[in-house]
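Structural overview
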Amino acid sequence: MDTATHFVMGLGLAGLSFVDPVVASQPALAGAVMVATVLASQAPDADTALRLKDNALYIRNHRGITHSLPFLLLWPALITLVIGPLFGFTELHDLSHIALWSFIGVAVHVFTDLFNTYGTQAARPFTEKWIAWNIIHIFDPFIFGSHVAAIMLWISGFVPPAPLFITLYACIALYYIWRTLVHARLTRKLKTKDIHHSPGERYFVIPTISPTRWNVVKAKPDGSYIIGLLNSGRLEWFKHAVCSTHPAVEHSKSHPDIKAFLYFTSYAVAEVEELPSGYIVRWGDVRYLHRKQFPFVAVLVMDSQYHPLNTYVGWLSSEKLDERFAIDPGSM
């Protein structure tokens, strides 16, 4: 999920912690738990700091080891050791409640990220496979809005936090189940809905911010992709993405930034723009589509001998790409 949603979910878990009689009976402990759950809801995304050093490094590692199984325990331990003494709690009995809700905060963060298209490496160290279930958009208006509404009711004092947040998370759980069933049903029916279906083709249904609109990726046996939109049950295809076989594409794969991009995604295609004195290779992730463009890209500019000159990895529109990599042919 996005940072704002993780933040309100951290506050929501603080409200839910009032089901714990010990937390509910000690205002100081409740305050410590609130700070702990908010920090826990953000902790796995601490790797965002890698963006300050290198964008490719961030792409390769974001939602990687910080979302792994060992960190499910490491983050709560670190948060408890800091927050407990800071609020004056040093007894194991009190620290255990902070640790419990910190663990819940981290676990909820990692678990909800699995439902996005970006995914996580949550099964590390057993496997570095990216797990992405493609069920919930990275920003979901219902999840965010329902948390904000519940937090406002809590602040206003109209509803006690325990029953309020029990109700909220029961509804959120039902919402996740509903979205999972819808996603499974749509994926299952795509073969019959697609009049151009051929044997060996695989379908991936990608969530959008709208619950009735889904991007669709059809992977063909030849390695190309057909990109479409499923809107209120109506399927429309509008783009065939084919990876170029130009030698510049093969040379680009040895560049560290392109390697980082391809490490993250298995749904990438490359296109080559030939310049008078070199090439621009643009890799795009076909899972992410906005206005019929692939904004999640890895771009490498090379001279005619395939030596790298400039590179970029991240989110960028085609217009911004053209502006960023506008090259004077005489300067190459």
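Source: prediction; values computed, not measured.

1. Some remarks on the overall build of the protein chain
A tally of regular secondary structure across the protein chain gives 11 helices and eight strands. Principal-axis analysis of the C-alpha atoms places the extent of the protein chain at approximately 75 × 45 × 35 Å. Within the protein chain, the proportion of its 332 residues that are buried is 49%. A fraction of 55% describes how many contacts in the protein chain between residues 6 or more apart in sequence connect residues 24 or more apart. Surface summary for the protein chain: the accessible area is close to 16,100 Å², and the carbon and sulfur share equals 64%. Here the protein chain holds 26 positive side-chain charges and 25 negative ones, and the gap between their average locations is 9 Å.

2. Let's talk about the environment of Val182
With respect to the helices, strands and loops of the structure, Val182 is situated in helix α8 (residues 161-193). Spatially, the C-alpha atom of Val182 lies 17 Å from that of Thr112, the residues being 70 residues apart in sequence.

3. Quick look at the domain arrangement of the protein chain
Partitioning the protein chain into structural domains gives domain 1 (3-179), domain 2 (197-241) and domain 3 (247-325). When each unit is reduced to the centre of its C-alpha atoms, the spacing between domain 1 and domain 2 is 32 Å. Each side of the interface is counted separately: domain 1 has nine residues, and domain 2 has seven residues. Summed over both partners, the interface of domain 1 with domain 2 buries about 690 Å², with 64% contributed by carbon and sulfur atoms. Contact with domain 2 buries surface across domain 1, with Asn134, His137 and Arg179 losing the most and accounting together for 64% of the total. At the junction of domain 1 with domain 2, the criterion picks out zero salt bridges. Inspection of the domain 1/domain 2 interface yields zero residue pairs in polar contact (both at pLDDT 80 or more). Residue composition of the side of domain 1 that touches domain 2, by class: five nonpolar, three polar and one charged.

4. Section: a nonpolar patch on the surface
On the surface, a nonpolar cluster with roughly 340 Å² of combined accessible area is contributed by Val35, Leu39, Leu86 and Phe87. Here Val35 shows up in helix α3 (residues 27-42). Of the residues examined, Val35 reaches a relative accessible area of 32% and is grouped as partly exposed.

5. Looking at the packing of helix α5 (residues 69-86) against helix α6 (residues 92-113)
Relative placement of two packed helices is described by the angle separating their axes and the distance separating the axes. The N-to-C vectors of α5 and α6 enclose an angle of 140°; their axes lie 8 Å apart at closest approach. The orientation of α5 with respect to α6, classified from their angle, is oblique. α6 is crossed by α5, and the crossing has right-handed handedness. Of α6, the residues touching α5 (which contributes Phe71, Leu72, Leu73, Trp75, Pro76, Ile79, Thr80 and Gly84) are Leu95, Ile98, Ala99, Ser102, Phe103, Val106, Ala107 and Val110. Among the residues making up the contact of α5 with α6, the classes are represented as 13 nonpolar, three polar and no charged.

6. Let's talk about the sheet that holds strand β6 (residues 278-285)
Overall, antiparallel pairing links the four strands, which are arranged β5-β6-β7-β8 in an open sheet. The open sheet has two edge strands, β5 (268-275) and β8 (308-315), and neither has a second partner. Averaged over neighbouring strand pairs, the angle between their axes works out to 15° when direction is ignored. Where β6 and strand β7 (residues 296-303) come together, seven bridges link them in antiparallel fashion. By the bridge assignment, Tyr279 is partnered in β7 with Met302.

7. Remarks on the confidence of the model for the protein chain
Put simply, the protein chain has an average pLDDT of 92, and 95% of its residues get 70 or more. Segment residues 327-332 is flagged for pLDDT under 50; beyond a separation of four residues in sequence, or across chains, it makes 13 contacts in the model.

8. Quick word on unusual backbone geometry
Between Arg124 and Pro125 the backbone carries a cis peptide bond, its omega angle lying at 15°. Even without a glycine there, the phi angle at Arg63 is positive, about 65°. Of note in this structure, Asn134 is not a glycine but carries a positive phi near 55°. When you line up the elements, Asn134 lands in the loop between α6 and α7 (141-156). A relative accessible area of 10% means that Asn134 is categorised as buried.

The rules behind the values
Residues numbered from 1 in each chain as written. Predicted model: local features only at pLDDT ≥ 70, side-chain atom pairs only at ≥ 80, totals over all residues. Heavy atoms only, no water. Helix = DSSP H or I, 4+ residues; strand = E, 2+ residues; numbered from the N terminus. Buried < 20%, exposed > 50% of the residue type's maximum accessible area, 1.4 Å probe, protein only. Contact = heavy atoms within 4.5 Å. Areas by Shrake-Rupley, 256 points an atom, 1.4 Å probe, with all protein chains shown as cover. Lys, Arg positive; Asp, Glu negative; His and termini not counted. Charge placed at Lys NZ, Arg CZ, Asp CG, Glu CD. Domains from an automatic or database assignment. Buried area = accessible area lost by both parts, 1.4 Å probe. Salt bridge = Lys/Arg side-chain N within 4 Å of Asp/Glu carboxyl O. Polar contact = N/O pair within 3.5 Å; in protein donor to acceptor, adjacent residues only side chain to side chain. Nonpolar A, V, L, I, M, F, W, Y, C, P; charged D, E, K, R; others polar. Patch = residues over 30% accessible without salt bridge, like charges linked within 9 Å, V, L, I, M, F, W, Y side chains within 5 Å. Axes fitted to C-alpha atoms, helices over the stretch in contact; angles between N-to-C directions. Parallel < 35°, antiparallel > 145°, perpendicular 65-115°, else oblique. Left-handed = near helix turned anticlockwise from the far one by under 90°. Pairing = 2+ DSSP bridges. pLDDT = per-residue confidence, 0-100.

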